[in-house]
Amino acid sequence: MSEHADLLVHGGDVLTVDEAGTFVRSGAVAVRDGEIREVGPADELRTRYEAAETLDATGCLVLPGLVNTHTHLAMTLLRGRADDVTLQGFLERVLRWEAALLSPKSVAAGVRAAIAESVRAGVTSALDMYWFHEAAERVAREAGWRLHTGPTFMDVPDPADGIAYEDRMAWARRDLAARATARPGTRPVLFAHSTYTLSPDQLTDIAALAREFGALLHLHAAENATEVATVEVRHGRRPVELLDSLGLLGPDLLIAHAVDLTGPEIAALARTGTSVAHCPVSNLKLGCGIAPVPRLLSAGVTVGLGTDGAVSSNTLDVLGAVRQAALVHKAAGDPTVVGAEQAVRMATLEGARALGLGDHLGSLEPGKRADLIVLDLNAPQMRPVHNPWSTLAYAAHSADVRDTVVDGRILMRDRVLTTLDEATTLADLEALA
C-alpha cells in the first residue's frame, strides 16, 4: 500500500548536509505535514509514496534552504543610500533616515520585498533585527516564509517605533508571553542592539528576560576597531569582554560580526558555547575588516552566515556570502581554510545551530522541517558537477535557484513566486523609497 505525502521532490541529486554529508544521486525527499518523512532513491520513493504535489528536480541539485543568521530585512527601503562610508558614518545616516521613514506600513513593504528577494535566492529563513517586528511577522506569515524576530532594545532618544526604553521591558514581556507555543522550526527571540547603545545594567536585564522565556538573544559586537575602542573607553572593557563579565555569553547568545577579537575573547566564545553570525560582504563593504573565522572554527565556535541589511551589503544573497566566506579568508595565504563544504554548512546546518534550531532546520533529514531548495544545474557555469560543495560555493548564483520550499509549501516554482505578488511588492517599495 502506498504511503501518503503532501509533496515529493524527486529526480535530482540530493545533498542532505547531514553530519556525514550524505549525497543521493537521483534522489527524492518525501514531505508530510511540513516535515521531512524520508530521503532516498527517487525510484524507490516514487513507488512507495502517493503525493498530492510533486516537484520534478531532474537535472538539478536539491539541498536545504539557506539560513540568514543576521539581517535587517526592511532596510531594502534604503538600499544604495549609504555606500562607501565607514560603519560610524553609516550609522549616523541610517538612524536619521529610519526615524523619518519607518512605520508599520513601510516596514511591511520593505520586508515583503526582502522576502521576495530571499525566496528567489533560496533563503528559507532569516534572523531579522528591526523595528516594528509585528508588521514583519504578519508579512512573513502571509507569504509562508520562516522569520525569526522579536522586540529590539536600543537606548536612543527617539526610537523609530516610539516606545521609550523604560516601557520596552513590559512590552517585550507581553510579546514573549504571546509566543508560548512557537511555530515548529522557530523560537522566541530578543534583540539587544549592541554594547554601545545599551548600558551594562540594561544588557543584564534584557538577558534575564530572554532566559526567563528561553529566547535567543542576538546583538552586534566587535564590528570594527572604532566600536571596540568606544566601548572600552565607556565601560572599561572590550565588547566581548564586557559581555563575558556580565555573564551574557552562552549557548543562547548569537553575536553578529565579531570582527575585532582577541585570542582570549575567542576562547571565551568557545568556552561558553556562544555562536557567531559572520557577515563577510557587509564587513568588507564598510571597511570593518575580516572576522577571524578560521580561528573561531578551530576553537569550536559555531559560525553561521548573514547578509546584514540591504543598506550595508546591498543584497540579501546568502549564496554570495557563501562564496565570499570561502574566498576572503584565503587571502592570508592558506587556501585550505574555510573550504567549500564548510562555507555551505555555515549557510545551512551551522546557521541553524547558531539559532539553536539545529534539530529542526539546516539539513534534509527525517523529522526536520521541510525547508529546501532546488538549484538548476543546466547552465554553462554549473557544469560539470565534480563536487556539489564546490559547485555551490564557487560557481552557483542566486539566479540558479529554481524552486523554494518552506514547511513543505512551495513558495517559488520554476522561478515564479507563488505566495507574493512580485509586481505589486516592488511598486509598493518604490513608492515608499
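Not measured: the values here are computed from a predicted model.

A. Focus on the overall build of the protein chain. When helices and strands are tallied, the protein chain shows 16 helices and 20 strands. Relative to the globule expectation of 22 Å for 433 residues, the C-alpha radius of gyration of the protein chain, 21 Å, shows essentially globular dimensions. Taken over the C-alpha atoms alone, the protein chain extends approximately 65 × 50 × 40 Å along its principal axes. Looking at the protein chain as a whole, 60% of its 433 residues are labelled buried. Distance between charge centroids for the protein chain: 1 Å, based on 39 positive and 56 negative side chains.

B. How the structure looks around the nonpolar core. By size, the foremost hydrophobic cluster in this structure holds 115 residues, and its most contacted members are Trp 145 and Ile 255. Looking at which element gives the most residues to this core, the answer is helix α3 (residues 104–120), with 8 residues. Ranked by size, the runner-up nonpolar core spans 17 residues in total, among them Val 9, Ile 36, Ala 57 and Cys 60.

C. Representation of the pattern of salt bridges within the structure. Applying the stated rule across the entire model yields 30 salt bridges. Of the charged contacts, one joins Arg 37 and Asp 33 as a salt bridge, the two residues approaching to 3.7 Å between their closest N and O atoms. Here the salt bridges do not stand alone but share partners, grouping Arg 146, Arg 183, Arg 369, Asp 371 and Asp 407 into one network.

D. Examining the sheet that holds strand β20 (residues 416–417) more closely. The strand order across the open sheet built from 7 strands is β3-β2-β7-β17-β18-β19-β20, with neighbouring strands paired in mixed fashion. Either end of the sheet is taken by a strand with one partner, and the two such strands are β3 (23–24) and β20. Relative to strand β19 (residues 409–413), strand β18 (residues 401–406) runs antiparallel, the two sharing 3 bridges. When the sheet's bridge partners are listed, Thr 404 is paired in β19 with Met 412.

E. Expanded view of the packing of helix α5 (residues 165–177) against helix α6 (residues 200–212). α6 packs onto α5 with a crossing angle of 10 degrees between their chain directions and a minimal axis gap of 10 Å. Relative to α6, the element α5 is oriented roughly parallel. Between α5 and α6, the residues in contact are Tyr 165, Met 169, Ala 172, Arg 173 and Leu 176 and Gln 202, Asp 205, Ile 206, Leu 209 and Glu 212, respectively. Looking at the contact of α5 with α6, its residues break down into 6 nonpolar, 1 polar and 3 charged.

F. Expanded view of the packing of aromatic side chains. By the definition in use, this model includes 1 aromatic pair. Where Phe 153 meets Tyr 165, the ring centres are 6.0 Å apart and the plane angle is 65 degrees; that geometry is what we call edge-to-face. Here the residue Phe 153 occupies a position in strand β11 (residues 152–153), and Tyr 165 occupies one in helix α5, the gap between them amounting to 12 residues. Each member of the pair, Phe 153 as well as Tyr 165, is classed as buried.

G. Quick look at the pairing of strand β9 (residues 123–128). Here β9 lies mainly inside the structure; 6 of its 6 residues are buried. In terms of strand pairing, strand β8 (residues 66–71) meets β9 through 4 bridges, oriented parallel. Of the residues in β9, the one forming a bridge with Asn 68 is Ala 126. In the sheet, β9 pairs with strand β10 (residues 146–148) via 3 bridges, with the strands oriented parallel. Opposite Ala 126, over in β10, you have Leu 147 as the bridge partner. Crossover connection from β9 via helix α4 (residues 133–143) to parallel β10: handedness right-handed.

H. Structural view of the side chain of Asp 18. Following the sequence through the fold, Asp 18 ends up in the loop between β2 (13–15) and β3. No salt bridge is formed by the buried Asp 18; its nearest oppositely charged neighbour, Arg 345, is found at 5.2 Å. Of note is the side chain of Asp 18, whose polar atom sits 2.8 Å from the backbone nitrogen of Gly 21. When residues no more than four places from it in sequence are discounted, the contact partners of Asp 18 are Arg 345, Ser 363 and Glu 365.

I. Looking closely at α4. The complete set of buried residues in α4 reads His 133, Ala 135, Ala 136, Glu 137, Val 139, Ala 140 and Ala 143. Buried positions along α4 lie against α3, β9, β10, α5 and β19. Backbone geometry just downstream of α4 places Gly 144 in the positive-phi region, at approximately 75 degrees.

Rules used in this analysis
Residues numbered from 1 in each chain as written. Predicted model: local features only at pLDDT ≥ 70, side-chain atom pairs only at ≥ 80, totals over all residues. Heavy atoms only, no water. Helix = DSSP H or I, 4+ residues; strand = E, 2+ residues; numbered from the N terminus. Rg over C-alpha atoms; globule rule 2.2 N^0.38 Å. Buried < 20%, exposed > 50% of the residue type's maximum accessible area, 1.4 Å probe, protein only. Lys, Arg positive; Asp, Glu negative; His and termini not counted. Charge placed at Lys NZ, Arg CZ, Asp CG, Glu CD. Core = buried A, V, L, I, M, F, W, Y, C linked by side-chain atoms within 4.5 Å. Salt bridge = Lys/Arg side-chain N within 4 Å of Asp/Glu carboxyl O. Pairing = 2+ DSSP bridges. Axes fitted to C-alpha atoms, helices over the stretch in contact; angles between N-to-C directions. Parallel < 35°, antiparallel > 145°, perpendicular 65-115°, else oblique. Contact = heavy atoms within 4.5 Å. Nonpolar A, V, L, I, M, F, W, Y, C, P; charged D, E, K, R; others polar. Phe/Tyr/Trp six-rings, centres within 6.5 Å; stacked < 30°, edge-to-face > 60°. Right-handed = clockwise from strand over helix to strand, strands pointing away. Polar contact = N/O pair within 3.5 Å; in protein donor to acceptor, adjacent residues only side chain to side chain.

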